[in-house]
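These are the residues of each chain, in order.
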Number of protein chains: 2
Amino acid sequence: MTTDFAATRAQFDLPEGVIYLDGNSLGPLPKMAAARVARTVTEEWGQMLITGWNKAGWMTQPSRIGDRIARLIGAEAGHVATGDTLSIKVYQALASALEMNPGRKVVLSDTGNFPSDLYMAEGLCRTLGPDYQLKTVAPEDVLDALDETVAVMMITEVDYRTGRRHDMAALTARAHAVGALAIWDLAHSAGAFRVDVANGGADFAVGCSYKYLNSGPGGPAFIYVAPRHAEVARPALSGWLGHAAPFAFDLSYRPGTGVERMRVGTPPILQLAALEASLDIWDQVDLDDLRRVSLALTDQFIAGVEAACPDLVLATPRTHHDRGSQVSFRHPEGYAMMQALIARGVIGDFRAPDILRFGFTPLFINAEDVARAIAIIADVMQNRLWDRPEYKTRALVT
Amino acid sequence: MTTDFAATRAQFDLPEGVIYLDGNSLGPLPKMAAARVARTVTEEWGQMLITGWNKAGWMTQPSRIGDRIARLIGAEAGHVATGDTLSIKVYQALASALEMNPGRKVVLSDTGNFPSDLYMAEGLCRTLGPDYQLKTVAPEDVLDALDETVAVMMITEVDYRTGRRHDMAALTARAHAVGALAIWDLAHSAGAFRVDVANGGADFAVGCSYKYLNSGPGGPAFIYVAPRHAEVARPALSGWLGHAAPFAFDLSYRPGTGVERMRVGTPPILQLAALEASLDIWDQVDLDDLRRVSLALTDQFIAGVEAACPDLVLATPRTHHDRGSQVSFRHPEGYAMMQALIARGVIGDFRAPDILRFGFTPLFINAEDVARAIAIIADVMQNRLWDRPEYKTRALVT
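As the structure is a prediction and not an experimental result, all values here were calculated from the model.

Colleague: Hey, could you run me through the domain arrangement of chain A in this one?
Modeller: Quoted interface sizes are often the accessible area lost when the parts come together. Residue and element names in this part refer to chain A. If you check the domain split of chain A, you get domain 1 (5-29 + 286-391) and domain 2 (59-282). Using C-alpha coordinates to define each centre, domain 1 is positioned 28 Å away from domain 2. Counting every contact that joins domain 1 to domain 2 gives one salt bridge. Here D288 makes a salt bridge to R194, at a shortest N to O gap of 3.1 Å. Every element with two or more residues in the side of domain 1 that touches domain 2 is listed here: α11 (287-308), β12 (326-330) and β15 (355-359). Among the elements that make up the side of domain 1 that touches domain 2, the one with the highest residue count is α11 (five residues).

Colleague: I keep staring at the relation of the copies chain B and chain A and nothing clicks. Help me out?
Modeller: One copy of the chain maps onto the other through a rotation about an axis plus a displacement along that axis. Least-squares fitting of chain B to chain A yields an RMSD of 0.0 Å, with the transformation described by 0.0 Å of translation along the axis and a rotation of 180 degrees. The superposition operator between the copies reduces to a two-fold rotation axis. Identified as the residue of chain B closest to the rotation axis by C-alpha distance is B:L128, at 2.8 Å. Of all interface residues in chain B, 100% are interface residues in chain A too; the two copies therefore contact each other through one and the same surface.

Colleague: Any chance you could explain the pairing of strand β6 (residues 133-137) of chain B here in plain terms?
Modeller: Both faces of the sheet carry side chains from a regular strand, because those side chains alternate between them. All names here are of chain B. In this structure, strand β5 (residues 106-110) lies alongside β6, joined through five bridges in parallel fashion. Each bridged residue has a counterpart across the sheet, and for V107 the counterpart in β6 is L134. Chirality of the crossover, the property in question, places the unit of β5, helix α6 (residues 115-128) and β6 among those that are right-handed.

Colleague: Before we go on, may I ask you to explain the interface of chain B and chain A in this structure?
Modeller: Between chain B and chain A, the residue contacts involve 85 residues of the former and 85 residues of the latter. Surface buried jointly by chain B and chain A totals about 7,200 Å² across both partners, of which 69% is contributed by carbon and sulfur atoms. At the level of elements, β3 (29-30), α2 (31-48), α3 (52-55), α5 (86-100), α6 and α10 (269-282) of chain B are the ones that each hand at least two residues to the side of chain B that touches chain A. No other element matches α6(B), which puts eleven residues into the side of chain B that touches chain A. Its residues assigned to classes, the side of chain B that touches chain A comprises 50 nonpolar, 26 polar and nine charged.

Colleague: So what exactly am I meant to see when it comes to helix α12 (residues 334-343) of chain B here?
Modeller: One turn of an α-helix holds 3.6 residues; hence residues three or four places apart share an orientation. Residue and element names in this part refer to chain B. By the criterion of burial, α12 is predominantly enclosed, with seven of the ten residues buried. Among the residues making up α12, those that are buried are G334, Y335, A336, M337, M338, A340 and L341. Looking at the buried residues of α12, the elements they touch are β13 (346-347), β14 (349-351), β15 (355-359) and α13 (367-382). Phi turns positive, to about 90 degrees, at G345, one or two residues after α12.

Colleague: Looking at this structure, I do not really get the UniProt feature "binding site: pyridoxal 5'-phosphate" (unreviewed entry) in chain A. What am I missing?
Modeller: Listed under "binding site: pyridoxal 5'-phosphate" (unreviewed entry) in the UniProt record, and renumbered for this structure, are A:L86, A:S87, A:F114, A:P115, A:S116, A:D117, A:T156, A:D185, A:H188, A:Y210, A:W240 and A:T266. Spatially, the listed residues are scattered: they cover 181 residues, and their C-alpha atoms lie as much as 30.0 Å apart. In this structure, A:H188 sits in the loop between β8 (181-185) and α9 (197-200). Using a relative accessible area of 4% as the deciding quantity, one classes A:H188 as buried. Discounting residues that sit within four places of it in the chain, A:H188 has contacts with A:N24, A:V158, A:Y160, A:F193, A:K211, A:Y212, A:Q326 and A:R357. By secondary structure assignment, the location of A:W240 is in the loop between β10 (221-225) and α10 (269-282). The contacts of A:W240, once residues within four sequence positions are left out, are A:P246, A:F247, A:F249, A:V264, A:G265, A:T266, B:S87, B:F114, B:S116 and B:Y119.

Colleague: Mind showing me how you'd approach the state of the cysteines here?
Modeller: Here, the word disulfide means a covalent bond between the sulfur atoms of two cysteines. Under the criterion given, the structure shown has zero disulfides over all chains. In this structure B:C125 is not part of a disulfide, and its nearest cysteine sulfur, from A:C125, lies 19 Å away. The exposure class assigned to B:C125 is buried, which follows from its relative accessible area of 5%.

Colleague: Looking at this structure, I do not really get the nonpolar core. What am I missing?
Modeller: Nonpolar side chains tend to gather and get buried jointly when the protein is soluble and globular. Membership of the largest hydrophobic core comes to 295 residues, with the highest contact counts inside it found for A:I73, A:F301, A:F358, B:I73, B:F301 and B:F358. Dropping the residues within four chain positions of it, B:F358 is found in contact with B:L21, B:N24, B:F301, B:S325, B:Q326, B:V327, B:F329, B:M338, B:L341, B:V346, B:G348 and B:I377.

Colleague: I'm lost on α10(A) in this one. Help?
Modeller: A rise of 1.5 Å per residue sets the reference length of α10(A), with its 14 residues, at 20 Å; its end C-alpha atoms lie 20 Å apart and thus fit the reference within 8%. The element α10(A) is extensively covered by neighbouring structure, given that 13 of its 14 residues are classed as buried.

Colleague: Could you clarify how one ought to interpret the packing of aromatic side chains in this entry?
Modeller: For any pair of aromatic rings, geometry is given as the distance between the ring centres together with the angle between the planes. Under the defined criterion, the tally for this structure stands at 31 aromatic pairs over all chains. A centroid spacing of 6.0 Å and a plane angle of 80 degrees characterise the contact between A:Y91 and B:Y91, whose relative ring orientation is edge-to-face. Here the residue A:Y91 occupies a position in helix α5 (residues 86-100), and B:Y91 occupies one in helix α5, the pair thus bridging two chains. Residue A:Y91 shares its accessibility class with B:Y91, and that shared class is buried. Judged by centre distance (4.9 Å) and plane angle (75 degrees), the rings of A:F114 and B:W240 are edge-to-face.

Colleague: What's the story with the pattern of salt bridges in this structure? I'm lost.
Modeller: Side chains that carry opposite charge are capable of pairing whenever their charged atoms lie near each other. As enumerated under the stated definition, the model contains 50 salt bridges over all chains in all. In this structure, A:R165 and A:E157 form a salt bridge, with 3.1 Å as the shortest nitrogen-oxygen distance. With a shortest N-O distance of 2.8 Å, B:R161 and B:D159 are connected by a salt bridge. For B:D159, a relative accessible area of 4% gives the class buried. Taken together, the salt bridges that share partners define one network made up of A:R36, A:R68, A:E276, A:D280 and A:D283.

Colleague: What should I look at first to understand the side chain of B:T316 in this one?
Modeller: Residues and elements named next belong to chain B. By the secondary structure assignment, T316 is in the loop between β11 (313-314) and β12 (326-330). Of note is the side chain of T316, whose polar atom sits 2.7 Å from the backbone nitrogen of S328. Apart from residues lying up to four places away in sequence, T316 is in contact with T162, R323, Q326, V327 and S328.

Colleague: Would you mind showing me how to read the environment of B:P115 here?
Modeller: With respect to the helices and strands, B:P115 occurs in helix α6. In sequence terms B:P115 and B:Y160 are 45 residues apart; their C-alpha atoms lie 9.8 Å from each other. Ignoring sequence-local partners within four residues, the contact set of B:P115 consists of A:F249, A:D250 and B:Y160.

Colleague: Even after reading the chapter, I still don't get the side chain of B:S209, so can you show me in this structure?
Modeller: Residue and element names in this part refer to chain B. Structurally, S209 can be placed in the loop between β9 (204-208) and β10 (221-225). With relative accessibility at 0%, the residue S209 sits in the buried group. Among the polar contacts listed, one links the side chain of S209 to the side chain of S215, at a separation of 2.6 Å. Separated by 2.6 Å, the side chain of S209 and the backbone oxygen of P220 make a polar contact. Excluding anything up to four places from it in sequence, S209 contacts N214, S215, G219, P220 and L275.

Colleague: Got a minute to help me understand the sheet that holds β12(A) in this structure?
Modeller: All names here are of chain A. Across the sheet, which stays open at both edges, the four strands sit in the order β11-β12-β15-β14 with antiparallel pairing between neighbours. Among the strands making up the open sheet, the edge pair consists of β11 (313-314) and β14 (349-351). Where β12 meets β15, five bridges bridge the pair, whose relative direction is antiparallel. Within β15, the position partnered with S328 by the bridge is R357. Here α11 sits on the sheet in contact with β11, β12 and β15, set at roughly 20 degrees to β12.

Each value, and the rule that gives it
- Residues numbered from 1 in each chain as written.
- Chains lettered and ligands numbered in written order.
- Predicted model: local features only at pLDDT ≥ 70, side-chain atom pairs only at ≥ 80, totals over all residues.
- Heavy atoms only, no water.
- Domains from an automatic or database assignment.
- Salt bridge = Lys/Arg side-chain N within 4 Å of Asp/Glu carboxyl O.
- Helix = DSSP H or I, 4+ residues; strand = E, 2+ residues; numbered from the N terminus.
- Least-squares fit on C-alpha atoms with pLDDT ≥ 70 in both.
- Contact = heavy atoms within 4.5 Å.
- Pairing = 2+ DSSP bridges.
- Right-handed = clockwise from strand over helix to strand, strands pointing away.
- Buried area = accessible area lost by both parts, 1.4 Å probe.
- Nonpolar A, V, L, I, M, F, W, Y, C, P; charged D, E, K, R; others polar.
- Buried < 20%, exposed > 50% of the residue type's maximum accessible area, 1.4 Å probe, protein only.
- UniProt positions renumbered as here; feature names shortened; annotations may be inferred.
- Disulfide = S-S within 2.5 Å.
- Core = buried A, V, L, I, M, F, W, Y, C linked by side-chain atoms within 4.5 Å.
- Expected span 1.5 Å × (residues − 1).
- Phe/Tyr/Trp six-rings, centres within 6.5 Å; stacked < 30°, edge-to-face > 60°.
- Polar contact = N/O pair within 3.5 Å; in protein donor to acceptor, adjacent residues only side chain to side chain.
- Axes fitted to C-alpha atoms, helices over the stretch in contact; angles between N-to-C directions.

Listed below in structure tokens is the structure:
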């Protein structure tokens with residue numbers, strides 16, 4: 001197929017006058033999501049009440065949605081479960097992986113990983129006992145740090161700060177060669193470009209849906225377990241909906257079939273409804289088209305901003321192969337600059353200590369948007385429009 | 001205050017011709033929830049996009065909602081966090097409690113506890129190592145089973161099958177006397193009657209919002225940590241939103257203040273919007289009025305059904321002190337009977353192997369509803385209307 005990105009753009013509700021370069025943090029509202037959520041609330045919850053679990057298919061919705069995410073990440077159908085938050089899914093993947101590699105106690109990650117992944121690993125290691133440790137190295141040192149002590153390599157493919165992209169297949173091949181398992185965090189990958197967990201050899205993969213997948217604030221996460229492990233991985237968070245027969249109400253846990261065992265508690269039906277509407281747009285997208293346009297937009301943005309704003313230091317790799325679908329610049333006054341941009345309708349975000357971050361999402365951003373964004377950034381920088389006290393007061397969420 | 005239950009009833013969207021006796025499983029739709037969720041979707045997510053985290057107060061919503069739940073469970077303000085599912089909150093409470101009582105390895109629960117609580121405990125014990133064990137006894141034997149080996153007593157106050165209610169204060173006093181900590185699961189308590197975690201001595205409490213609190217399918221759970229433990233309890237699921245400074249993006253975890261550390265990942269904003277609307281109704285309710293009416297309704301139901309249906313065996317305690325806000329009857333053909341009742345507009349549910357379960361929720365159920373329900377049940381039973389093949393085919397969710 002050839003993707004019609006004008007058509008996908010028309011399916012989003014974008015505020016007038018806003019150039020939204022933060023779909024990598026929270027995707028915008030698909031127009032149909034409003035109707036879908038409303039229908040779920042009034043016609044399903046309101047009218048079906050408890051019978052919605054069967055009649056509206058709520059109970060099986062997480063796996064139906066998992067199958068639709070599977071296409072975006074190159075997973076085999078039937079091997080993706082949705083629910084919970086990404087941090088919880090990280091914990092599940094890591095706990096299962098460590099249990100599958102019992103002779104080793106080291107989790108290897110990198111300092112560019114999203115902190116919550118590291119925190120969850122810390123917490124799990126503490127629970128497992130003093131032998132277990134989380135070891136972090138610089139992103140570019142992961143390959144060399146993979147040795148026979150490593151039980152599990154846990155890596156987020158795209159660095160949330162810089163947009164630097166790991167070569168996951170290469171890291172995973174090396175991890176396997178030294179006897180380690182590989183967990184891929186796809187927070188900034190799913191919906192950013194074609195992911196191939198199956199061919200790349202991922203043992204587990206996790207990700208969230210509220211960024212590029214546009215499911216709305218607090219949308220559910222997902223987890224993939226490679227088919228070769230699906231009946232082996234034992235869930236640490238063994239909730240009733242991961243049980244082989246949840247409604248038998250047995251007193252002892254028996255894991256469900258395959259990835260279904262990674263379900264925990266009652267799925268968030270309203271959030272899933274929004275995600276379902278968003279996936280209807282994703283069904284219209286070819287991932288090679290997506291990547292082609294994404295790279296064109298990030299190239300255009302890098303060139304334009306660098307030409308106009310010499311004070312901004314590019315933090316994102318210039319090489320296509322090493323780049324996700326975001327562009328970051330560093331500046332000590334990055335926080336104030338981002339507030340000034342947001343006030344002028346260019347919405348990106350700031351990541352401590354000095355990163356201005358912009359996400360590029362072909363589903364609703366085009367070259368004309370990027371050109372306008374560059375012009376506004378140039379104006380703000382060249383005229384120091386960011387240098388006002390009200391832009392320097394930090395909000396709770398940055 | 002005196003609660004006007006006709007006024008609360010008018011605030012729910014109840015389908016015509018339905019007598020909904022399953023609010024203990026999934027509460028019905030508060031009329032305002034539809035508008036609140038729609039506003040959150042279109043005006044907040046749609047128009048504010050990422051800035052909704054600050055502008056719409058999404059980031060602080062879990063603690064604001066926690067404070068409103070606090071009143072219903074007798075918790076001190078500032079000591080209830082919302083998010084995740086109940087199973088996850090059980091895991092958090094249990095992991096922290098076990099870590100606080102390091103010399104002991106036994107989790108004591110009962111066979112009337114909801115299976116997911118037991119499964120989560122099983123999973124946690126396996127992660128902690130072979131010394132840890134979950135011990136379950138019959139519900140009436142918990143008091144006697146509390147001895148110096150028990151690290152944590154983990155009890156669901158009201159038995160999901162029978163509606164039998166534990167004397168939580170007495171159990172907790174005994175637990176403390178033998179040096180154990182007490183976790184209260186309030187799944188069938190919060191919104192069913194007045195709960196008093198603070199005066200009852202609970203060390204931790206957890207619960208869900210989609211039952212009596214009417215937050216909709218998959219609504220978030222909550223966790224209470226007693227103030228005396230709030231700065232001591234260490235989270236096992238140490239997610240970024242439980243960090244002292246989530247947006248500093250430190251590489252190491254530092255727990256947030258008090259119960260805030262029990263937050264994990266991004267909160268489910270659409271589900272929280274529905275819960276917020278439901279709590280507006282709860283703000284109009286006096287919990288003593290609630291209990292008075294609840295007991296009157298369950299008394300009425302027990303008397304009416306027993307008089308009309310001698311084949312149904314009461315599974316719920318007759319003593320008010322020992323009863324939650326549900327009534328259960330046993331019958332080997334309970335599944336078919338419940339399907340026949342649902343087909344006639346009396347919605348309760350079935351719990352394996354033989355329980356017909358009916359919840360009584362004064363916010364939207366009154367004595368007239370109960371009288372009509374009794375008449376329909378009598379008709380179904382006396383005329384064996386349930387004895388049809390289509391009522392005997394089990395659905396996925398029962």
